[in-house]
Structure formats: structure tokens, C-alpha cells
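Here are the chains, one letter per residue:
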Amino acid sequence: ARWLVDAPLVRRIGVRGRFVLRNVLGRPLRAVVTIVGIALAPPITILGLFWFDAMNHMIGVQFGAVDRSDATVAFVEPAPAGVVAELARIPGVRMVESLRSVPVRLSAGHRDYRTAIVGLDAGAELRRLFDKALRRVDVPPEGLVLTDRLAARLGVAPGDMIRVSVLEGERPVREIRVAATVAEMIGLNAYMDVDALHRLMGEGDVVSAASIVVDPARAADVYAGMKAFPRVATVGVKSVALQSFRETTMSFVLVFTGILTAFAVVIAIGVVYNNARIALAERTWELASLRVLGFTRREVSALLLAELAVEVAIAIPIGLWLGYRFVEWLVVFHATELFSIPAIVAPRSYAIASLIVAAAAVASAAIVRLSIDRLDLIGVLKTRE
């Protein structure tokens with residue numbers, strides 16, 4: 001590393017900078033081990049905070065962009081479309097959109113899957129479809145729209161034919177083309193234009209459920225009226241489901257994050273402090289000599305702690321990169337049919353992970369600085385390594 005320290009460009013950083021660079025490069029193995037050790041602290045914090053980011057993203061997309069209703073009303077059996085107008089007349093109901101859901105078995109070659117085809121009106125606003133880039137996808141007049149995970153499970157892509165076996169009514173079986181795929185994080189679903197679905201079923205204009213938007217000031221009265229509605233089987237209120245989800249899942253995530261953050265702090269402090277103490281033990285004679293030559297305590301401390309700062313500055317970006325890679329691996333490992341957890345890490349999480357390592361480094365540096373200030377110059381200089 002001497003050629004690098006003596007390079008013309010490096011000479012411009014001054015004697016102190018070259019001193020620090022020489023000490024770091026002079027022990028490359030120890031420097032690498034230290035950087036790797038520090039770099040393992042941010043991923044642990046990111047893995048804990050990631051669950052908050054992923055859950056918030058899922059809630060925002062699934063219950064904010066995809067499902068924009070306040071509640072979903074399911075009927076006991078398919079009802080005439082006129083029931084939608086009846087729901088709209090209930091005081092406090094601002095908007096209603098109908099849904100037709102049909103249980104089916106989808107087959108492609110030797111693969112099959114039981115799900116439901118949801119028929120949507122063209123231009124529906126309360127139930128919308130999006131691709132992975134969160135661009136809206138309109139339901140085509142003909143053909144099936146599958147979620148990407150369902151398409152992958154069946155081994156099909158847009159343009160392929162798929163066998164649809166209806167599991168209610170007259171149970172028709174048809175070959176239907178896959179028109180498009182969409183990205184959804186919850187469930188494996190299929191969609192069709194509601195008119196095309198009616199033609200498949202050979203039925204008139206009927207509905208299975210309805211999405212509604214409610215005036216918040218009159219929500220209690222609306223939901224009470226819904227329960228007394230003769231055709232209504234269930235009323236799923238989104239705010240109640242979200243509250244239950246946050247109380248159960250988010251409380252667990254909070255504890256999990258706290259534990260991982262504590263581990264990250266312990267790792268960061270342990271690695272940084274031990275490295276600084278070892279460096280101090282190895283360079284005690286050099287530091288004492290500098291003090292005798294006129295260097296102040298602050299200047300001597302800066303020379304030693306600058307090495308630590310260089311290693312931390314290199315380790316943090318590596319740790320953030322490792323954190324995201326661990327998140328990607330965790331998402332693949334925990335993928336299920338019910339949930340598709342997005343590999344989302346918010347900038348806030350990266351910042352918190354970086355600050356934890358930086359704070360651990362500052363705390364370690366403060367402890368080492370006290371040891372430097374208490375050096376017995378005479379005793380140290382009398383003893384050489």
C-alpha cells in the first residue's frame with residue numbers, strides 16, 4: 001500500500017490524511033474484517049423496519065388504490081341488478097358499484113386452481129386493477145385478466161388459452177384467452193368484464209356483491225340499515241378490518257423490530273469499539289510520541305478515530321446494499337398464495353439504519369477518546385512493543 005500512500009494525488013490530503021490512510025491500508029485483513037462486521041449491522045435494522053414499510057405499502061396500494069370502497073356488501077345469492085339502486089337510495093350512501101363473482105376452476109395443461117372470476121363494470125372506480133408499476137389496467141371487453149402470481153402458478157401468459165370450468169349454475173366449461181395480467185399482493189384472483197361474464201354464465205344482469213362509499217358522519221346508520229336489508233348476507237367494513245390488522249400484525253412487527261434494532265446496536269458497538277480499542281493498544285507508543293512532540297489530545301484522538309470513521313463510512317453503504325438484498329431474499333422465502341410481500345424499503349428505514357451505526361460509532365469513539373486522554377505518557381514511552 002506504500003505506492004498508494006506516496007502517490008502524488010494522495011499527497012494532497014496532507015500528512016495527517018496520509019497517516020490515516022497508511023494505517024488502514026497497512027492492515028488490509030483487519031480493515032476488511034472490521035468493515036464487514038460493521039456492514040452487518042444495518043441489514044439487521046433494515047430487516048426489522050422493512051415490515052413496517054411493506055405493510056404500509058400493502059395497505060396503501062390494496063386498500064387505497066385497488067379497493068377504494070368503504071365497505072363490501074355480499075348478497076345471499078345473485079340478485080337482480082336493481083338491488084344496486086336500492087342500496088344507493090339508503091341515506092348516507094354516496095356511491096355504489098356492483099360486482100359479480102363466480103366460483104371457477106381454471107386449468108392449463110396439467111395445472112389447475114380453484115378461485116373466483118370477479119366481473120367488473122368497464123371504468124369501475126371502486127375496484128381497480130394495476131400492473132407492477134402501479135399503472136392502471138382496464139378490464140378488456142373479452143378475455144380473462146389474471147393476477148401475475150396466478151398466471152405463474154398456471155404457467156400461462158397473455159395470449160394463451162385457458163380452460164374455465166364454472167362451479168355454479170349450469171356449470172359451463174369454456175376455453176377463454178388470457179387478455180392481461182395484473183399485480184395484486186393479496187390472493188390469486190381472476191377478472192372479466194361483467195357483460196362477458198354474464199354471457200359465459202348465460203344469465204341476465206345479476207350481481208353477487210356491491211362496493212359502497214359511505215358518508216363518514218352517517219356510517220353507523222348506514223351499516224345498521226345494511227344488516228336489516230333482506231338480501232344482504234355480510235357487510236365487510238374496511239376500516240374495521242384495517243384496525244384489526246394494525247392491532248394484531250403491527251404490534252408483533254413493532255416488537256420484532258425492537259429486538260432486531262437492539263441486536264444491530266450491540267453488533268455495531270461491539271465491532272466498532274473493539275476495533276478502536278485494538279487500534280489504540282497497537283498505537284499507544286506512537287500516540288504518546290505525538291503528544292510529546294506537541295500534538296494536542298484532540299489532534300492525537302483525531303488521527304486514531306479518523307481510521308474508524310473511514311471504515312464506518314465504507315461499511316454503511318455496503319450494509320445498506322446488503323440490507324436490501326436480504327429483504328429480497330426474505331420476500332421470496334416468505335411468499336405464499338395469500339400474500340405477496342413487496343420488497344419495499346423506505347428511505348426513512350435506510351436513514352435510521354445508518355444513524356444507528358453512526359451513533360454506535362460516535363459512542364465508541366467517545367469512550368476511546370477518554371482512554372487516549374488518560375494515557376500515561378512517561379509509562380508508555382518507557383515501554384516499546
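Procedures and definitions
- Residues numbered from 1 in each chain as written.
- Predicted model: local features only at pLDDT ≥ 70, side-chain atom pairs only at ≥ 80, totals over all residues.
- Heavy atoms only, no water.
- Helix = DSSP H or I, 4+ residues; strand = E, 2+ residues; numbered from the N terminus.
- Buried < 20%, exposed > 50% of the residue type's maximum accessible area, 1.4 Å probe, protein only.
- Polar contact = N/O pair within 3.5 Å; in protein donor to acceptor, adjacent residues only side chain to side chain.
- Contact = heavy atoms within 4.5 Å.
- Axes fitted to C-alpha atoms, helices over the stretch in contact; angles between N-to-C directions.
- Parallel < 35°, antiparallel > 145°, perpendicular 65-115°, else oblique.
- Nonpolar A, V, L, I, M, F, W, Y, C, P; charged D, E, K, R; others polar.
- Salt bridge = Lys/Arg side-chain N within 4 Å of Asp/Glu carboxyl O.
- Expected span 1.5 Å × (residues − 1).
- 1 Å grid on protein atoms, 1.4 Å probe; cavity = no way out; pocket = protein on both sides within 12 Å on 5 of 7 lines; lining within 4 Å.
- Points joined across faces, edges and corners; volume = space filled by probe spheres on them.
- Core = buried A, V, L, I, M, F, W, Y, C linked by side-chain atoms within 4.5 Å.
- pLDDT = per-residue confidence, 0-100.
- Pairing = 2+ DSSP bridges.
- Lys, Arg positive; Asp, Glu negative; His and termini not counted.
- Bend = angle between axes of the 7 residues up to and from the residue.
- Phe/Tyr/Trp six-rings, centres within 6.5 Å; stacked < 30°, edge-to-face > 60°.

A. Examining the side chain of aspartate 131 more closely. Mapped onto the elements of the fold, aspartate 131 is located in the loop between β4 (129-130) and β5 (136-137). For aspartate 131, a relative accessible area of 18% gives the class buried. A polar contact is formed between the side chain of aspartate 131 and the backbone nitrogen of alanine 133, at a distance of 3.0 Å. Dropping the residues within four chain positions of it, aspartate 131 is found in contact with Val137 and Ala183.

B. Summary view of the environment of valine 271. Tracing the sequence through the fold places valine 271 in helix α10 (residues 238-282). Each C-alpha atom, one on valine 271 and one on alanine 39, is 9.9 Å from the other, the two residues being 232 residues apart in sequence. Each residue touching valine 271, except ones within four places of it in the same chain, is listed here: Thr34, Gly37 and Ile38.

C. Local environment of the packing of helix α4 (residues 28-39) against helix α5 (residues 41-66). At a minimum axis separation of 4 Å, α4 and α5 run at an interaxial angle of 10°. Here α4 lies roughly parallel to α5, going by the angle between them. Every residue of α5 that contacts α4 at Gly37, Ile38 and Ala39 is listed here: Ala41, Pro42 and Pro43. A class-by-class count of the residues in the contact of α4 with α5 yields 5 nonpolar, 1 polar and no charged.

D. Structural detail: the pattern of salt bridges. Here the structure, examined in full by the defined rule, presents 11 salt bridges. Aspartate 131 serves as the salt-bridge partner of arginine 135, at 3.0 Å between the closest nitrogen and oxygen. For arginine 163, the salt bridge identified is with glutamate 175, shortest N-O distance 3.2 Å. Separated by 12 residues along the polypeptide, arginine 163 in strand β7 (residues 161-166) and glutamate 175 in strand β8 (residues 173-182) bring together distant segments of the chain.

E. Quick look at α4. In this model, α4 (12 residues) spans 16 Å end to end at C-alpha, consistent with the 16 Å of a helix rising 1.5 Å per residue. Among all positions in α4, only Arg30, Ala31, Thr34, Ile35, Gly37, Ile38 and Ala39 are buried.

F. Broad picture of empty space enclosed by the protein. Per the counting criterion, the structure on display carries 2 cavities of 30 Å³ or more. Counted as a void, the largest cavity has a volume near 80 Å³. Forming the boundary of the largest cavity are Leu120, Asp121, Ala122, Gly123, Ala124, Arg127, Arg128, Leu129, Arg136, Val137, Asp138 and Val139. For the lining of the largest cavity, a count of residues per class yields 6 nonpolar, 1 polar and 5 charged.

G. Up close: the nonpolar core. Ranked by size, the top nonpolar core spans 41 residues in total, and within it Phe50, Trp51 and Val312 carry the most contacts. Every element with two or more residues in this core is listed here: α4, α5, α10, α12 (297-333) and α13 (347-373). Sorting elements by how many residues they give to this core places α5 first, with 12 residues. Apart from the residues within four sequence positions on either side, valine 312 is in contact with Ile38, Val272, Val357 and Ala361. Listed in part, the 24 residues of the second largest apolar core include Ile117, Leu144, Leu150 and Ala196.

H. Main features of the confidence of the model for the chain. Residue-level pLDDT values for the chain average 80, and 82% of them are 70 or greater. Predicted confidence for residues 1-7 stays below pLDDT 50, and this span has 9 contacts to residues more than four positions away or in other chains.

I. The arrangement of the pairing of strand β6 (residues 144-147) in detail. On β6, burial covers both faces: Leu144 and Leu146 on one face and Val145 and Thr147 on the other are all buried. In this structure, β6 lies alongside β8, joined through 4 bridges in parallel fashion. Bridge pairing in β8 links valine 145 to alanine 180. Sheet topology note: the β6/strand β9 (residues 190-193) ladder contains 2 bridges and is antiparallel. Bridge assignment links leucine 146 to a residue of β9, and that residue is alanine 190.

J. Representation of the side chain of arginine 127. Its place among the elements puts arginine 127 in the loop between β3 (111-120) and β4. Despite its burial, arginine 127 pairs with no opposite charge, the nearest such side chain being glutamate 184 at 4.2 Å. A distance of 2.7 Å separates a polar atom in the side chain of arginine 127 from a polar atom in the side chain of tyrosine 191.

K. Inspection of α5 at higher detail. Helix length check: α5, at 26 residues, gives a terminal C-alpha distance of 36 Å against a target of 38 Å (1.5 Å per residue), a fit within 8%. Leucine 49 marks where α5 bends most, by close to 35°. Across the 26 residues that make up α5, a large majority, 20, are buried.

L. Examining the packing of aromatic side chains more closely. In the structure shown here, the tally under the stated rule is 1 aromatic pair. The interplanar angle of 55° and the centroid separation of 5.1 Å between the aromatic rings of phenylalanine 50 and tryptophan 51 together place this pair among those described as tilted. For phenylalanine 50, a relative accessible area of 1% corresponds to the buried category.

M. Structural context of the environment of alanine 179. Tracing the sequence through the fold places alanine 179 in strand β8. Judged by relative accessible area, alanine 179 falls into the partly exposed class, the value being 34%. Residue contacts for alanine 179: discarding those within four places in its chain leaves Pro140, Glu142, Gly143, Leu144 and Pro158.

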